[in-house]
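Coordinates in review
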Amino acid sequence: MKLVFIGAPGAGKGTYAQYLREKYCIPHISTGDIFREEIAKGSELGRRVKEYIDRGELVPDDIVIEVVKKRLNQPDTRNGFILDGFPRTLNQARALDEIVVIDAVIYLNVSEEVAVKRLSGRRICPVCGRVYNIYYEPKPRNDEKCDYDGAQLIMREDDRPEIVRNRYRVFHETFKPIIDYYRNKGLLIEVDSNRSIREVMPELEELLKKKGILRIKPCKPDIKPD
Ligand code: AMP
């Protein structure tokens, strides 16, 4: 199940990816997360990408493509993966075609108003990276603490409404050619992501099964979308 996820901020990409990762034990590969980890480690790669990320610019294609190529060579991607944040340019999309055959591109389509509301309630665990929402499920059970490790949840600076509106606009400008590219290839599956994941996910899993893309058995069959 080799998937690319595309969605504006607030589309629920992280939530969907977390669900599929836990249920099917396939890795969620986010280039943004990889870069942030490398920066935190102070590695050579981290030093190279930091200046671009700090300026809010895209990291050059050759660096990103190399990172993704290396990551997709790891044995944990054998049964599938979810790519998130990549590709972001047509050059990257074409390079990805050379690296691996993608089964489907899931485009989570969300309205600007829903995106703003969702993100203003989003809270993240700084320890394990789990994502919660104080307005919607999954809500933290205990105050604003992580259900798993008890860490105090945090709000991302860029989840403030005026910043979300700008990120939403930039997303559509950046990803339009990528969405068109995959639509033309017949790989795009568009999902109405204004609905809750509880409604959308069973439909999406059924569709992926029908298309022969979801062939692996769940490693944790009891996990439900919430
Ligand atoms: P994200 O968490 O996906 O928003 O990524 C954070 C930052 O990492 C972006 O603003 C870019 O600077 C960089 N980045 C992540 N993925 C890519 C990519 N595919 N191409 C270029 N830059 C990227």
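Figured I'd write up the structure that's included with this text. Here, residues in each chain are numbered from 1, in the same order as that chain's written sequence. Note on the predicted model: pLDDT of at least 70 is required for a residue's local features to be given, and 80 or more for side-chain atom pairs to be given and counted; whole-chain, interface and lining totals, by contrast, use all residues. Based on all heavy atoms of the structure, the side-chain values leave hydrogens and waters out of the count.

**Things to note about unusual backbone geometry**
- Looking along the chain, the bond that leaves phenylalanine 86 and enters proline 87 is cis, with omega of 0°.
- If you trace the backbone, proline 87 turns up in the loop between strand S3 (81-84) and helix H5 (90-99).
- The omega torsion of the bond from glutamate 137 to proline 138 falls at 0°, within 30 degrees of zero and hence cis.
- Even without being glycine, cysteine 25 reaches a positive phi, approximately 55°.
- The buried label applies to any residue whose accessible area, calculated with a 1.4 Å probe on protein chains only, is under 20% of its type's maximum; exposed applies above 50%, and partly exposed to all values in between. Cysteine 25 gets classed as partly exposed once you look at its relative accessible area, which sits at 45%.
- At aspartate 143, a residue that is not glycine, the phi angle is positive and equals roughly 55°.
- For aspartate 143, the location among the structural elements is in the loop between strand S6 (131-133) and helix H7 (161-184).
- Using a relative accessible area of 59% as the deciding quantity, one classes aspartate 143 as exposed. A run of H or I in DSSP counts as a helix once it spans at least four residues, and a run of E counts as a strand once it spans at least two, with each numbered from the N terminus.

**Quick notes on the site of the ligand**
- Proximity is defined per residue: any heavy atom of the residue falling within 4 Å of a molecule or strand makes that residue near it. In the region of the ligand, 13 residues are neighbours, and Thr31, Arg36, Glu57, Gly85 and Gln92 sit closest.
- One of the side-chain N or O atoms of threonine 31 is found 2.8 Å from a nitrogen atom in the ligand.
- Between a nitrogen atom of the ligand and a main-chain N or O atom of glycine 85, the distance comes to 2.9 Å.
- Accessible surface area values rest on a Shrake-Rupley calculation with a 1.4 Å probe, where residue burial reflects the displayed protein chains alone. Burial of the ligand by the surrounding chains reaches 83%, relative to a free accessible area of 470 Å². Here a polar contact is recorded for every N or O atom pair within 3.5 Å, except that within protein the pair must consist of a potential hydrogen donor and a potential acceptor, and residues adjacent in sequence are included only if both atoms are side-chain atoms.

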